[in-house]
Number of protein chains: 2
Amino acid sequence: MKTELEQVLPKEIEKRSFEIITEELGDRKLDEAYAPIIKRVIHTTADFDYADNLLFSEGVREKALSALQNGACIVTDTQMARAGINKKALAKLGVEIYNFIADEDVSKLAKENGTTRSASCIDKAAALDKPVIFVIGNAPTALVRIYELVQEKKLNPELIIGTPVGFVNVVQSKEMIMELDIPYIIAKGRKGGSNVAAAIVNALLYMIYER
Amino acid sequence: MKTELEQVLPKEIEKRSFEIITEELGDRKLDEAYAPIIKRVIHTTADFDYADNLLFSEGVREKALSALQNGACIVTDTQMARAGINKKALAKLGVEIYNFIADEDVSKLAKENGTTRSASCIDKAAALDKPVIFVIGNAPTALVRIYELVQEKKLNPELIIGTPVGFVNVVQSKEMIMELDIPYIIAKGRKGGSNVAAAIVNALLYMIYER
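A quick note: this is a predicted structure, and the numbers were derived from the prediction, not measured. (Residues numbered from 1 in each chain as written. Chains lettered and ligands numbered in written order. Predicted model: local features only at pLDDT ≥ 70, side-chain atom pairs only at ≥ 80, totals over all residues. Heavy atoms only, no water.)

Thoughts on the sheet that holds strand β4 (residues 132-136) of chain A
Each strand in a sheet pairs with its neighbour through backbone hydrogen bonds, running either in the same direction (parallel) or in the opposite one (antiparallel).
Residue and element names in this part refer to chain A.
Part 1 of the reasoning: Here six strands make up an open sheet; going across it, the order is β1-β6-β5-β4-β2-β3 and the pairing mixed. What marks the edges here is a single partner per strand, and that holds for β1 (54-56) and β3 (97-99). Across the sheet, the axes of successive neighbouring strands diverge by a mean angle of 15 degrees, strand direction being ignored.
Part 2 of the reasoning: Where strand β2 (residues 73-76) lies against β3, three bridges are found, and the strand directions are parallel. Directly across from Thr 76, in β3, lies its bridge partner Asn 99.
Part 3 of the reasoning: Its contacts with the sheet put helix α9 (residues 140-151) on β4 and β5 (159-162), and the angle it makes with β4 is roughly 150 degrees. (Pairing = 2+ DSSP bridges. Helix = DSSP H or I, 4+ residues; strand = E, 2+ residues; numbered from the N terminus. Axes fitted to C-alpha atoms, helices over the stretch in contact; angles between N-to-C directions. Contact = heavy atoms within 4.5 Å.)

Written out as structure tokens, the structure reads:
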């Protein structure tokens, strides 16, 4: 074997990764309340742009932790975001997680309204009879639909995690969410993804348990 | 609404995204055989670094397409990678997809061997009685185990898609795979992810169907 591996025990890999991230951030000061989220997103992406890209509404940390501990459910826009969230941590807290993208009624509604299935998932979520945390890692159309329904007073989520990625209306959709009076965690700009959204949720869950 | 949205029909969003990517690549020439893969990864990440980061072994395009059309199954290291692969396209081709990370025997084997569950998934995959395409988007330990089993002649996969992300042995594990005489598509460096791995598989599937 020409390549030399760093010898790290399986259970130590994540710890060692966070040490490297902290080292490489160097003098860069992160807001302490949000450092675990920012570092976990860097851990998930190996992209230090997220030291600058993540935006947090005032007091969102406490609001998010409180929602997760007080019966809010999570609605994701993609199966990937759902797959990336730690199921054991969710189960410990009794947090339910929903993804409606493959549901027939969502597909039907999208066709009727000439919109995306991602947007129709938000309409379906608006009918849930419990507080909702939106975890939107992919679809700007989902964020736009959240914006519309909040403006129409048909939706009042506990928290919006908005990290769509891409080129068409991605930047705008995030700006729209920041205009609302709803707690948010946003990855500004074009970057993001379902992995980023899931990492943010996991960081919040781990804050509760300090693992 | 202060923010102005670009008016794009739902079914046109992806097409418009690819147009923007092509525009922004400008004079940058991509290998035509791999441009659809590179552009899809940029579409998934909004990260133009992937115009330089993706490495393809000689002739891997034809080998990959042939494997997908001739009975190879896919084994992923994460549920996220599995979730991100287009199930309709897989079903059309009759390609089976496996992820063993939550299996009890894998957890047991990992504990016995003092390794990660991701590495033990590779041992389980080596026992499958059909040709395998590995789609490893997260775990360098999975790539290292593939390397070891190939060296020991206990594994001979059709293709390795290797895009782990992170800080501990990620770069090294990818270099090890490139030492083997097995077709590969690798995201060099620290960057990658389950989303990147899934995007590569989807690009290959769409090449077959030209959608």
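Looking at the packing of aromatic side chains
Residue and element names in this part refer to chain A.
Part 1 of the reasoning: A full pass over the atoms with the stated rule returns six aromatic pairs over all chains.
Part 2 of the reasoning: For the pair Tyr 34 and Phe 56, a centre-to-centre distance of 4.0 Å together with 15 degrees between the ring planes defines the contact as stacked. You can see Tyr 34 sitting in the loop between α1 (13-25) and α2 (35-45) and its partner Phe 56 sitting in strand β1, a full 22 residues away along the chain. With respect to burial, Tyr 34 and Phe 56 carry one shared label: buried.
Part 3 of the reasoning: Arranged with centres 5.8 Å apart and planes meeting at 25 degrees, the rings of Tyr 98 and Phe 100 form a pair that is stacked.
Part 4 of the reasoning: What makes Phe 100 buried here is its relative accessible area of 7%.
Part 5 of the reasoning: One cation-aromatic arrangement involves Lys 92 over Tyr 209; the distance from NZ or CZ to the ring centre is 4.7 Å. (Phe/Tyr/Trp six-rings, centres within 6.5 Å; stacked < 30°, edge-to-face > 60°. Buried < 20%, exposed > 50% of the residue type's maximum accessible area, 1.4 Å probe, protein only. Lys NZ or Arg CZ within 6 Å of the ring centre and 35° of its normal.)

Quick look at helix α11 (residues 194-209) of chain B
Part 1 of the reasoning: Its 16 residues give α11 of chain B an end-to-end C-alpha distance of 23 Å, which sits within 8% of 22 Å, the value for a rise of 1.5 Å per residue.
Part 2 of the reasoning: Extensive coverage of α11 of chain B is indicated by the burial of 15 of its 16 residues. (Expected span 1.5 Å × (residues − 1).)

Quick look at the packing of helix α9 (residues 140-151) of chain B against helix α10 (residues 170-179) of chain B
All names here are of chain B.
Part 1 of the reasoning: Put simply, α9 and α10 touch, their axes get as near as 9 Å, and they point 25 degrees apart. Taken together, the axis directions place α9 and α10 in an arrangement best described as roughly parallel. Regarding α9 and α10, the two cross each other, and that crossing is left-handed. Taking contact as the criterion, the partners of Pro 140, Leu 143, Val 144, Ile 146 and Tyr 147 in α9 are, on α10, Val 170, Ser 173, Lys 174, Met 176, Ile 177 and Glu 179.
Part 2 of the reasoning: Each residue belonging to the contact of α9 with α10 can be placed in one class, and the counts come to eight nonpolar, one polar and two charged. (Parallel < 35°, antiparallel > 145°, perpendicular 65-115°, else oblique. Left-handed = near helix turned anticlockwise from the far one by under 90°. Nonpolar A, V, L, I, M, F, W, Y, C, P; charged D, E, K, R; others polar.)

Notes on the nonpolar core
Proteins that are soluble and globular tend to have nonpolar side chains buried together.
Part 1 of the reasoning: Ranked by size, the top nonpolar core spans 49 residues in total, and within it Ile 37, Ile 74 and Leu 204 of chain B carry the most contacts.
Part 2 of the reasoning: Top element by residues in this core is α11 of chain B. It accounts for twelve residues.
Part 3 of the reasoning: The residues contacting Leu 204 of chain B, other than those within four sequence positions of it, are Ile 37, Ala 64, Leu 65, Leu 68, Leu 159, Ile 161 and Ile 185 of chain B.
Part 4 of the reasoning: Within the second largest apolar cluster, 48 residues are counted, among which are Ala 35, Ala 67, Ala 198 and Ala 203 of chain A. (Core = buried A, V, L, I, M, F, W, Y, C linked by side-chain atoms within 4.5 Å.)

Here's the deal with the pairing of strand β4 (residues 132-136) of chain B
All names here are of chain B.
Part 1 of the reasoning: With five of five residues buried, β4 lies mostly within the body of the structure.
Part 2 of the reasoning: Neither face of β4 is open: one carries Val 132, Phe 134 and Ile 136, the other Ile 133 and Val 135, and all of them are buried.
Part 3 of the reasoning: Taken together, β4, α9 and strand β5 (residues 159-162) form a β-α-β motif whose crossover is right-handed. (Right-handed = clockwise from strand over helix to strand, strands pointing away.)

Remarks on the pattern of salt bridges
All names here are of chain A.
Part 1 of the reasoning: As enumerated under the stated definition, the model contains 36 salt bridges over all chains in all.
Part 2 of the reasoning: Arg 40 is paired through a salt bridge with Glu 14; the nearest N and O atoms lie 2.8 Å apart. Separated by 26 residues along the polypeptide, Arg 40 in helix α2 and Glu 14 in helix α1 bring together distant segments of the chain.
Part 3 of the reasoning: On the basis of relative accessibility, which here comes to 27%, the residue Glu 14 falls in the partly exposed class.
Part 4 of the reasoning: Put simply, Glu 6, Glu 12, Lys 15, Arg 16, Glu 19 and Glu 23 are held in one network by salt bridges that share partners. (Salt bridge = Lys/Arg side-chain N within 4 Å of Asp/Glu carboxyl O.)

A few points about the packing of helix α7 (residues 104-113) of chain B against helix α8 (residues 117-126) of chain B
Each pair of packed helices gets described by two things: the angle between the helix axes and the distance between those axes.
All names here are of chain B.
Part 1 of the reasoning: Taken N-terminus to C-terminus, the directions of α7 and α8 make an angle of 115 degrees; their axes are 8 Å apart at the nearest point. Overall, the two elements α7 and α8 adopt an arrangement that is roughly perpendicular. In this structure, the crossing between α7 and α8 has a hand that is right-handed. Along the contact surface, α7 presents Asp 105, Val 106, Ser 107, Leu 109 and Ala 110, while α8 presents Arg 117, Ser 120, Cys 121, Asp 123 and Lys 124.
Part 2 of the reasoning: When grouped by side-chain class, the residues that make up the contact of α7 with α8 number four nonpolar, two polar and four charged.

Focus: the sheet that holds strand β2 (residues 73-76) of chain B
Residue and element names in this part refer to chain B.
Part 1 of the reasoning: Taken in spatial order, the six strands make up an open sheet running β1-β6-β5-β4-β2-β3, and their pairing is mixed. Whereas interior strands pair on both sides, the edge strands pair on one side only; in this sheet they are β1 (54-56) and β3 (97-99). Geometrically, the sheet is characterised by an average inter-axis angle of 15 degrees between neighbouring strands, direction not taken into account.
Part 2 of the reasoning: Two strands pair when backbone bridges link them, and β5 and strand β6 (residues 184-187) are joined in this way by three bridges, in the parallel orientation. Considered in β6, the bridge of Ile 161 is made with Ile 185.

Some thoughts on the interface of chain A and chain B
When the parts come together, some accessible area is lost, and that loss is often what is quoted as the size of the interface.
Part 1 of the reasoning: Each partner contributes residues to the interface: chain A has 44 residues there, and chain B has 44 residues.
Part 2 of the reasoning: Together, the buried faces of chain A and chain B total about 3,600 Å²; carbon and sulfur atoms form 69% of this surface.
Part 3 of the reasoning: When the buried surface of chain A facing chain B is broken down by residue, Met 80, Phe 167 and Val 168 of chain A rank first, second and third, together holding 20% of it.
Part 4 of the reasoning: In this structure, the connection of chain A to chain B is made through four salt bridges.
Part 5 of the reasoning: The salt bridge partner of Arg 190 of chain A is Glu 24 of chain B, with a shortest N-O separation of 2.5 Å.
Part 6 of the reasoning: Summed over the shared surface of chain A and chain B, the number is five residue pairs in polar contact (both at pLDDT 80 or more).
Part 7 of the reasoning: At the level of elements, α1, α2, α5 (79-84), α9, α10 (170-179) and α11 (194-209) of chain A are the ones that each hand at least two residues to the side of chain A that touches chain B.
Part 8 of the reasoning: Per-element tally for the side of chain A that touches chain B: the top contributor is α1 of chain A, with six residues. (Buried area = accessible area lost by both parts, 1.4 Å probe. Polar contact = N/O pair within 3.5 Å; in protein donor to acceptor, adjacent residues only side chain to side chain.)

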